[in-house]
Amino acid sequence: KTSLQNWAAAWSQQDIEAYVGSYIANYSPDSSHNAWVKQRKAKLSRPKSIAIGIEDLAVMILDENTARAEFKQDYRSNTYHDQVLKQMTLSKQDDGWKISAEKTLKKLK
């Protein structure tokens, strides 16, 4: 729970280091890790302001090193707003729980 709250806070504060630090090392959903970091840095720094809300958070422990979270994510910036149902897989690392996979299940607004 705290890991996801820290992730949302880092995103809202447009703190790229803390945001990227919420993910496992070498996280790379569609491309290389470096390309993903570069793309996220551009998306986090472009808006003047970002606010991320998490609602209806449900966490299921799959095993001692893996958990799955589902929640409503409310994204607001000065230029865009949406609300999606998101699912994240978290992996236990030496320095805490880190995001290892994420997907948008459906767009709500």
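The structure under discussion appears in the preceding block.
Conventions adopted
Residues numbered from 1 in each chain as written. Predicted model: local features only at pLDDT ≥ 70, side-chain atom pairs only at ≥ 80, totals over all residues. Heavy atoms only, no water. Helix = DSSP H or I, 4+ residues; strand = E, 2+ residues; numbered from the N terminus. Rg over C-alpha atoms; globule rule 2.2 N^0.38 Å. Buried < 20%, exposed > 50% of the residue type's maximum accessible area, 1.4 Å probe, protein only. Contact = heavy atoms within 4.5 Å. Areas by Shrake-Rupley, 256 points an atom, 1.4 Å probe, with all protein chains shown as cover. Lys, Arg positive; Asp, Glu negative; His and termini not counted. Charge placed at Lys NZ, Arg CZ, Asp CG, Glu CD. Phe/Tyr/Trp six-rings, centres within 6.5 Å; stacked < 30°, edge-to-face > 60°. Arc of directions from axis to C-beta.

Caption draft 1: Looking closely at the overall build of the protein. Within the protein, the regular secondary structure consists of three helices and four strands. Walking the protein from its N terminus toward its C terminus, one meets helices and strands in the order α-α-α-β-β-β-β. Relative to the compact-globule value of 13 Å for 109 residues, the protein shows a C-alpha radius of gyration of 13 Å, a close match. If you line up the protein on its principal axes, its C-alpha atoms span 40 × 30 × 25 Å. For the protein, buried positions account for 34% of its 109 residues. Intrachain contacts of the protein at a sequence separation of at least 6 include 45% that bridge at least 24 residues. Of the roughly 6600 Å² of accessible surface on the protein, a fraction of 46% belongs to carbon and sulfur atoms. Taking the average place of the 17 positive charges on the side chains of the protein and the average place of its 13 negative ones, the gap between the two points comes to 8 Å.

Caption draft 2: Seen up close, unusual backbone geometry. Despite not being glycine, glutamine 14 shows a phi value in the positive range, around 55°. Its location among the elements puts glutamine 14 in the loop between helix H1 (2-12) and helix H2 (16-21). Note on glutamine 14: relative accessible area 25%, which makes it partly exposed. Positioned with a positive phi, asparagine 26 is a non-glycine residue whose angle comes to about 65°. Within the secondary structure, asparagine 26 sits in the loop between H2 and helix H3 (33-45). Looking at asparagine 26, the relative accessible area reads 58%, which means it is exposed.

Caption draft 3: The packing of aromatic side chains, seen in detail. Scanning the model with the defined rule gives 10 aromatic pairs in all. Judged by centre distance (4.6 Å) and plane angle (45°), the rings of tyrosine 23 and tyrosine 27 are tilted. As far as the burial class goes, tyrosine 23 and tyrosine 27 line up, both buried. Ring centres of tyrosine 23 and tryptophan 36 lie 4.7 Å apart, and the angle between their planes is 65°; this geometry places the pair in the edge-to-face category. Taken together, the positions of tyrosine 23 in the loop between H2 and H3 and tryptophan 36 in helix H3 put the pair 13 residues apart, joining distant regions of the chain. Each of the two residues, tyrosine 23 as well as tryptophan 36, counts as buried. Aromatic ring contacts, followed pair by pair, group Trp7, Trp11, Tyr19, Tyr23, Tyr27, Trp36, Phe71, Tyr75 and Tyr80 into a single cluster.

Caption draft 4: Structural context of H1. Listing the buried residues of H1 in full gives Leu4, Trp7, Ala8, Ala10 and Trp11. Down the axis of H1, the sector holding all buried residues measures 160°, keeping them to one side. Taken together, the buried residues of H1 touch H2, H3, strand E1 (50-63), strand E2 (66-77), strand E3 (81-93) and strand E4 (96-107). Phi for glutamine 14, located one or two positions after H1, is positive at around 55°.

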